[in-house]
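# Reading the structure
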Amino acid sequence: IRAYINEVIKMKKRTVALVIACTLTITSGCMPQNGEPDNSTVDIQTTTPATEYEKVSIYLPDENAQNLVSKEVQIEKNDEPMVELVQALVTEKALPAGTEVEKWSVSKDDAPAVILDLNKAFADGILNSGSTGELMMLGSLINTVWKYFEPASITLNVDGEPLETGHNIYDTPFTSPISLTNE
């Protein structure tokens, strides 16, 4: 019996040695030749959708600040076209630096109404621009929004309240573009 037990122990030792040898063989196939572990990763290509742009017309004061001229620009095509339009006007210096859209909406009626609420930087810029500057800024903004949305009216607010300048209180909606173009 003792010989049988010794034979079983030898077989178990050979089996364990064989398992270890197989394990080392398998894992060494995953190791580079220099014996260092392979820390490289598999690159998984993820594609982000390409940004889409659309051409739009914005209105800017001419060099004499007497008329508005149309300029085609590209804005990012997204769920916030009003933000993109206002940013394009700020970039072109037609609106004061720092002007931002607080909130906006367009009704889904047959005759849509636009409500646009801008921040205080817009009102401050108009207050410091004189009557011609006020007219040019409002014309640029209203005509650009009108061209894009083709609404029946545009209500303009600043921080939730009608825009007040030293020259006017804009507490009624604009019902047409501002006529300052040579087109």
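Treat the numbers as computed from the prediction; the structure is a model and nothing was measured. (Residues numbered from 1 in each chain as written. Predicted model: local features only at pLDDT ≥ 70, side-chain atom pairs only at ≥ 80, totals over all residues. Heavy atoms only, no water.)

Before going further, it helps to examine the sheet that holds strand β5 (residues 153-158). Strand order in the open sheet formed by 5 strands is β3-β4-β5-β6-β7, with mixed pairing between adjacent strands. The sheet is open, and its two borders are formed by β3 (101-106) and β7 (169-170), each paired with just one other strand. In the sheet, β5 pairs with strand β6 (residues 161-164) via 2 bridges, with the strands oriented antiparallel. Note on β6: the bridge partner recorded for V158 is E161. Against the sheet, helix α4 (residues 130-149) engages β3, β4 (113-118), β5, β6 and β7, with an angle of about 130° to β5. (Pairing = 2+ DSSP bridges. Helix = DSSP H or I, 4+ residues; strand = E, 2+ residues; numbered from the N terminus. Contact = heavy atoms within 4.5 Å. Axes fitted to C-alpha atoms, helices over the stretch in contact; angles between N-to-C directions.)

Counting 38 residues, the largest nonpolar core has F122, L141, L156 and L163 as the members making the most contacts within it. For this core, the secondary-structure elements that each account for two or more residues are β1 (53-61), β2 (68-76), α2 (81-91), β4, α3 (120-127), α4 and β5. Discounting residues that sit within four places of it in the chain, L141 has contacts with V86, L89, L95, L116, L118, F122 and L156. (Core = buried A, V, L, I, M, F, W, Y, C linked by side-chain atoms within 4.5 Å. Buried < 20%, exposed > 50% of the residue type's maximum accessible area, 1.4 Å probe, protein only.)

Further remarks concern α4. Taking 1.5 Å as the rise per residue, α4 with 20 residues should run 28 Å; its terminal C-alpha atoms sit 28 Å apart, in good agreement. Burial within α4 is extensive, with 14 of its 20 residues counted as buried. Positive backbone phi, approximately 50°, marks E150, located one or two places after α4. (Expected span 1.5 Å × (residues − 1).)

We now examine a negative patch on the surface. Judged by side-chain charge, E100, E102, D159, E161, E164 and D171 come together as a negatively charged surface patch. Tracing the sequence through the fold places D159 in the loop between β5 and β6. (Patch = residues over 30% accessible without salt bridge, like charges linked within 9 Å, V, L, I, M, F, W, Y side chains within 5 Å. Areas by Shrake-Rupley, 256 points an atom, 1.4 Å probe, with all protein chains shown as cover. Salt bridge = Lys/Arg side-chain N within 4 Å of Asp/Glu carboxyl O. Lys, Arg positive; Asp, Glu negative; His and termini not counted. Charge placed at Lys NZ, Arg CZ, Asp CG, Glu CD.)

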